[in-house]
Every structure is written in structure tokens, then in C-alpha cells.
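Each chain, written out:
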Amino acid sequence: MITLNATLEGDKELSRRLIAIPQNIGSFKQPLFKIGREVRISADANFASRGALFGARWKPRKDNNPWPILEKTGKMRRAFDQDLGFDYVAIGNTSEVFKYHQSNAPRSSQLPRRIMLKLDEIRKLFIVKEFQSHIQKAIRES
């Protein structure tokens with residue numbers, strides 16, 4: 001959940017102007033869509049870098065298969081999806097084995113953790129800036 005808080009001080013003109021802001025903010029779908037797209041792009045870039053994007057390069061495989069790690073068919077990499085609502089965006093992966101690789105639960109040595117999806121500091125900053133931009137636009141239009 002994301003909570004936005006603000007404290008403002010000013011005169012009555014500013015107060016009257018602020019009354020119109022909620023109407024101008026409208027739906028958060030536009031920034032949420034951009035946020036979802038950015039998170040999915042980062043997941044794909046993390047696959048391309050074999051985990052290095054999030055600072056935890058994936059452990060090498062123990063077999064000598066010719067395909068990249070986690071990409072024998074490419075199904076898991078392509079299975080990231082986005083569910084967008086009026087006030088939320090949910091990013092997931094429909095691959096049945098995604099949850100086992102992504103999970104931070106204790107594991108056997110045969111299935112190493114390979115983080116594919118993460119809100120790192122860069123993505124967190126992107127999210128904040130998207131909401132700031134959306135709210136600033138609403139303020140300019142009021």
C-alpha cells in the first residue's frame with residue numbers, strides 16, 4: 001500500500017485552489033500503468049543480466065545445458081503480467097515454478113533462489129516520481 005501525506009501552509013487563495021485538486025487528480029491509472037510497465041521491463045532486464053540488475057547475480061547452474069539459466073523455453077520470462085485497477089497495479093508471473101525460484105523460504109541445495117522481480121531503490125524512486133508528477137499536473141491544472 002502506498003500512502004501519500006502532505007502538509008501545507010498558506011493563505012485562503014491557496015486553500016481555494018487546493019479544493020479543485022482532488023477532481024483534477026482523478027484516476028491513478030496512468031501513473032500505475034507506467035509503474036507496472038517499468039517493473040515488468042526491469043524484470044526482463046534482470047533476466048538479460050542473469051540477476052545482476054538487482055545485485056544478486058544468479059548462481060551458475062550445475063549442469064552444462066546450452067540455454068541461459070531459467071530460459072529453456074522462455075515461458076517464465078514471458079509470463080510476467082500486469083493487473084491494473086483504479087487504485088492498484090499488481091505484477092505477477094503465471095509460471096508454476098516462478099514462486100519456487102523467487103521465494104526466500106529455506107531451500108535445498110538443488111533449487112537456488114534466483115530473484116527475478118524486485119522493487120529496488122531505483123524502481124521505488126521511479127514510483128514516487130510518477131505519483132509526484134501526476135499530483136503536480138493536477139495542481140497545475142487547478
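On a predicted model such as this, the values are computed, not experimentally measured, just so you know.

All right, on to the packing of helix H3 (residues 29-48) against helix H6 (residues 121-141) then. Interhelical geometry of H3 versus H6 gives an angle of 160° and a closest axis separation of 9 Å. Here H3 is positioned roughly antiparallel relative to H6, judged by the angle of their axes. Crossing hand, H3 versus H6: right-handed. Contact residues: H3 offers Pro-31, Leu-32, Lys-34, Ile-35, Glu-38, Val-39 and Ser-42, while H6 offers Arg-123, Phe-126, Ile-127, Glu-130, Phe-131 and His-134.

What follows is about the pairing of strand S2 (residues 89-93). Regular strands show a simple pattern: their side chains alternate between the two faces of the sheet. The pairing of strand S1 (residues 80-84) with S2 spans five bridges and is antiparallel. Bridge pairing in S2 links Gln-82 to Ile-91.

A cluster of basic residues, Lys-59, Lys-62, Arg-107, Arg-113 and Lys-118, forms a positive patch on the protein surface. Locating Lys-118 in the fold gives a position in the loop between helix H5 (98-102) and H6. Accessibility expressed as a relative area gives 36% for Lys-118, which makes it partly exposed.

This part takes up the pattern of salt bridges. This structure, assessed with the given rule, holds eight salt bridges. As a salt-bridge pair, Arg-77 and Asp-44 come within 2.7 Å of each other at their nearest N and O atoms. In this pair, Arg-77 sits in helix H4 (residues 75-78) while Asp-44 sits in helix H3, placing the two residues 33 residues apart along the sequence. On the basis of relative accessibility, which here comes to 22%, the residue Arg-77 falls in the partly exposed class. Where Arg-77 meets Glu-71, a salt bridge forms, and the shortest distance between an N and an O atom there is 3.0 Å. A single network of salt bridges, built from pairs that share partners, joins Asp-44, Arg-50, Glu-71 and Arg-77.

Calculation notes
- Residues numbered from 1 in each chain as written.
- Predicted model: local features only at pLDDT ≥ 70, side-chain atom pairs only at ≥ 80, totals over all residues.
- Heavy atoms only, no water.
- Axes fitted to C-alpha atoms, helices over the stretch in contact; angles between N-to-C directions.
- Helix = DSSP H or I, 4+ residues; strand = E, 2+ residues; numbered from the N terminus.
- Parallel < 35°, antiparallel > 145°, perpendicular 65-115°, else oblique.
- Left-handed = near helix turned anticlockwise from the far one by under 90°.
- Contact = heavy atoms within 4.5 Å.
- Pairing = 2+ DSSP bridges.
- Patch = residues over 30% accessible without salt bridge, like charges linked within 9 Å, V, L, I, M, F, W, Y side chains within 5 Å.
- Areas by Shrake-Rupley, 256 points an atom, 1.4 Å probe, with all protein chains shown as cover.
- Salt bridge = Lys/Arg side-chain N within 4 Å of Asp/Glu carboxyl O.
- Lys, Arg positive; Asp, Glu negative; His and termini not counted.
- Charge placed at Lys NZ, Arg CZ, Asp CG, Glu CD.
- Buried < 20%, exposed > 50% of the residue type's maximum accessible area, 1.4 Å probe, protein only.

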